[in-house]
Amino acid sequence: MLGHLIKHEFRATGRRMLPTLGVLALLGLLANLSIRLLESGFGDGTVLRILLVLFVIAFFVGITVAWIMTLVLMISRFYRNLLQDEGYLMFTLPANTHELIWSKLIVSTVWFLLTGLLTGLLMFLTVANLVNLSGDDLNVMFIGLGEALDMLRDMGVTNSSLVLLLVEMLAAVVLGCLTTSLQFYAAMGLGQMSATRKGLWSVLAFIGLSIAFQIISSALLGGLGNSDSIDLVINSFETMIQTAPGTVRAANSGIGITMLVELLQGAVLYVITALSLSKKLNLA
Amino acid sequence: MSAILECRELSKSFGGVKALDGVNLSIEPGRVVGLLGPNGSGKTTLIKLANGLLTPTGGELLIAGQKPGADTKAIVSYLPDRTYLPEWMSVRQMLDFFDDFYADFQREKATEMLGRLSIDERMRLGQMSKGTKEKVQLILVMSRNAGLYLLDEPIGGVDPATRDFILDTIIRNYNPSAAVIISTHLIADVEAVLDEVIFINSGHIVLQSAVDEIREQQGKSVDAYFREVFKC
């Protein structure tokens, strides 16, 4: 059932996201073309040069719009598809609440990642254009990267720890996307329980959840700071970063701890979302 | 025969207001049942509870012996009292949707009914009139070979010709071994198709009886008897 839900969620969101990403890609290519033309001194006329500059500005505006669009779509799909009239269709499908939530989570995470990937790629192209990066320069960069990796290996850093670091970073990004979506979902799940002004209550729930997590993390950090354990942690990190393998290990542990905190936050938000939709569903 | 829908001391409150209060009832397969009551009597709440769209405050509701969940939703075909299909979807996409999610969906049957009404499958729901949207919804719901059909106000707010089409579609297409529950306050229009009626008022079941019994014992139509029971 989850597969079908994901398929139809992609169908519903794709009609908004594919054109958005397509336009962003087009703006990126136009901006890069403009940069090349401007640098080559193409077009003596001021009007043409202004037009080229406008393309570059439009690209940066496009990036902002694409991110806002991805965020708004993630929120509006959950709200309209589950908590308004369409909810009468979705909640009477032979699927459980977890499948409904996961389909939304997975699809919005994919769109976040694709928007991020496209933005990154286009930004790299733009910067490469601005600094006149040539194919030879790219070769030098890759050779430099290879040499740096060789150096790290000579210093005792293993391939597995580097791969682990890369996997951890990717997992942290995915987890970040999931937790961000879940914070909005949990707020809307709580807001829909109200008989009236569901939207307003959802906004208040979002603010409330943000404040609650701030207080909890501050309290935990404060508690940790006042205990002896913080010295142990700092000492062990200081010992680790004396050597290259230790530094990679420290980075592994640092990202691991951050992910653990995020995972706990995500789990709490997921439970709030699932309980509010399964035990306290209150469709208008 | 075991009940397809059973309520035991079922209650539902919204804040301090009791929408259903200790409801006990049992509906067997093969019956067309009218859930009749004035506005605000608890009809929609009962149907929403049967669909798992609300959770009971007390008591329990069982569909084929199970609490509402993914398994019961596979055998319940539900028509809500509103248009609930996404406006951006075409009729063909809705057919794909029902085909994907409901194992008992009979696509050929739906296509045949749409064809009879000359509804173009490429048309988007957002392009249709309210009446056409309601017909598409009904066709989708009645094209399932379900065990229980829950139809909430299917003839509310439609013209007499559409009303006839809706009732005809229901009677021609429901699975004969299934139960059909039609919630309405327009009794005269549905009376002819009902086997059984449930009168509900202020969250209480006032009466559950076969239509023939009412006619024999009261010597009047269900509509006339309803007017007598719910006289203001």
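Above this note sits the structure.
Since this is a predicted model, take the numbers as computed values, not measurements. (Residues numbered from 1 in each chain as written. Chains lettered and ligands numbered in written order. Predicted model: local features only at pLDDT ≥ 70, side-chain atom pairs only at ≥ 80, totals over all residues. Heavy atoms only, no water.)

Asker: Help me understand the overall build of chain B, please; the structure alone is not making it clear to me.
Answerer: Check the secondary structure of chain B and you find nine helices and nine strands. Expressed along its principal axes, the backbone C-alpha trace of chain B runs to roughly 50 × 35 × 35 Å. Classification of the 232 residues of chain B by burial places 53% in the buried group. Contacts spanning at least 24 positions in sequence make up 69% of the contacts within chain B whose residues lie at least 6 apart. Surface exposure of chain B reaches about 9,700 Å², of which carbon and sulfur atoms provide 46%. Taking the 25 positively charged and 31 negatively charged side chains of chain B as two groups, their mean positions are separated by 5 Å. (Helix = DSSP H or I, 4+ residues; strand = E, 2+ residues; numbered from the N terminus. Buried < 20%, exposed > 50% of the residue type's maximum accessible area, 1.4 Å probe, protein only. Contact = heavy atoms within 4.5 Å. Areas by Shrake-Rupley, 256 points an atom, 1.4 Å probe, with all protein chains shown as cover. Lys, Arg positive; Asp, Glu negative; His and termini not counted. Charge placed at Lys NZ, Arg CZ, Asp CG, Glu CD.)

Asker: Please explain the overall build of chain A as it appears in this structure.
Answerer: Counting its regular elements, chain A contains nine helices and zero strands. The secondary structure elements of chain A, listed N-terminal to C-terminal, are α-α-α-α-α-α-α-α-α. In terms of overall size, chain A is more extended than a compact globule, its C-alpha atoms giving a radius of gyration of 24 Å where 284 residues would be expected to give roughly 19 Å. Dimensions of chain A along its principal axes, counting C-alpha atoms only, are 65 × 60 × 35 Å. Counting all 284 residues of chain A, 37% fall into the buried class. Pairs at least 24 apart in sequence give 79% of the contacts found in chain A among residues at least 6 apart. (Rg over C-alpha atoms; globule rule 2.2 N^0.38 Å.)

Asker: In this structure, what is going on with the side chain of Ser209(B)? I would like to understand it.
Answerer: Residue and element names in this part refer to chain B. Among the structural elements, Ser209 can be located in strand 9 (residues 204–210). At 3.4 Å, the side chain of Ser209 and the side chain of Glu213 are in polar contact. Non-local contacts of Ser209, meaning those with residues more than four positions away in its chain, are made with Glu196, Val197 and Ile214. (Polar contact = N/O pair within 3.5 Å; in protein donor to acceptor, adjacent residues only side chain to side chain.)

Asker: What is the right way to read the pairing of strand 6 (residues 148–152) of chain B from this model?
Answerer: In summary, the side chains of a regular strand alternate between the two faces of the sheet. Judged by how many residues are buried, strand 6 of chain B sits mostly within the fold: five of five residues are covered. A two-sided burial pattern is seen for strand 6 of chain B, the buried positions comprising Leu148(B), Leu150(B) and Asp152(B) on one face and Tyr149(B) and Leu151(B) on the other.

Asker: Would you explain the interface of chain A and chain B in this entry?
Answerer: How large an interface is tends to be reported as the accessible area lost when its parts come together. Of the residues lining the interface, 27 residues belong to chain A; the matching set on chain B comes to 26 residues. Interface area for chain A against chain B, summed over the two sides, is near 2,400 Å², with a carbon-plus-sulfur share of 62%. Considering only the side of chain A, the residues that lose the most area to chain B are Tyr88(A), Leu89(A) and Thr92(A), jointly responsible for 27% of the buried surface there. There are three salt bridges connecting chain A and chain B. (Buried area = accessible area lost by both parts, 1.4 Å probe. Salt bridge = Lys/Arg side-chain N within 4 Å of Asp/Glu carboxyl O.)

Asker: Can you help me understand the sheet that holds strand 1 (residues 5–14) of chain B in this one?
Answerer: Two modes of strand pairing occur in sheets, parallel and antiparallel, and in both the strands are linked by backbone hydrogen bonds. Residues and elements named next belong to chain B. As summarised here, the arrangement of the three strands in space is 2-1-4, forming an open sheet in which the pairing is antiparallel. One side of each edge strand has no neighbouring strand; the edge strands of this open sheet are strand 2 (17–27) and strand 4 (58–63). This sheet shows a mean twist of 25° between the axes of neighbouring strands, independent of strand direction. With seven bridges connecting them, strand 1 and strand 2 associate as antiparallel partners. Looking at the pairing, Leu5 lines up with Ile27 of strand 2. Contacts from helix 1 (residues 43–50) reach strand 1, strand 2 and strand 4 within the one sheet, and its direction differs from that of strand 1 by about 115°. (Pairing = 2+ DSSP bridges. Axes fitted to C-alpha atoms, helices over the stretch in contact; angles between N-to-C directions.)

Asker: What is the right way to look at the packing of aromatic side chains in this model?
Answerer: Two aromatic rings are characterised by how far apart their centres lie and by the angle between their planes. Summed over all chains, the structure comprises 13 aromatic pairs over all chains. Ring geometry for Trp102(A) against Tyr270(A): centres 5.7 Å apart, planes inclined by 35°, an arrangement best described as tilted. A residue pair is termed long-range when its members are at least 10 positions apart, and Trp102(A) in helix 4 (residues 97–130) and Tyr270(A) in helix 9 (residues 244–278) qualify at 168 residues. The class of Trp102(A) is partly exposed, set by a relative accessible area of 35%. Taking relative accessible area as the criterion, Tyr270(A) reaches 15% and is therefore assigned buried. Through successive ring pairs, a cluster of aromatic residues spans Phe199(B), Tyr225(B), Phe226(B) and Phe230(B). Lys135(B) extends its terminal NZ or CZ atom over the ring of Phe165(B), reaching a point 5.9 Å from the ring centre. Of note, Arg144(B) hangs over the ring of Tyr102(B), and the distance from its end group to the ring centre comes to 3.7 Å. (Phe/Tyr/Trp six-rings, centres within 6.5 Å; stacked < 30°, edge-to-face > 60°. Lys NZ or Arg CZ within 6 Å of the ring centre and 35° of its normal.)

Asker: Just to check I follow, could you spell out the sheet that holds strand 9 of chain B for this structure?
Answerer: Residue and element names in this part refer to chain B. As summarised here, the arrangement of the six strands in space is 5-6-7-3-8-9, forming an open sheet in which the pairing is mixed. At either margin of the open sheet sits one strand with a lone partner, and together these are strand 5 (76–79) and strand 9. Neighbour to neighbour, the strand axes of the sheet diverge by 15° on average, direction disregarded. The pairing of strand 3 (residues 32–36) with strand 7 (residues 179–184) spans five bridges and is parallel. Paired with Val32 across the strands is Val180, a residue of strand 7. The strands touched by helix 5 (residues 130–142) are strand 5 and strand 6; relative to strand 5, the strand with the most contacts, the crossing angle is about 170°.

Asker: Please clarify how a positive patch on the surface should be interpreted in this entry.
Answerer: Side chains of Arg15(A), Arg16(A), Arg80(A) and Arg124(B) sit close together on the surface and give a patch of like positive charge. Along the chain, Arg124(B) falls in the loop between helix 4 (107–116) and helix 5. What makes Arg124(B) partly exposed here is its relative accessible area of 39%. (Patch = residues over 30% accessible without salt bridge, like charges linked within 9 Å, V, L, I, M, F, W, Y side chains within 5 Å.)

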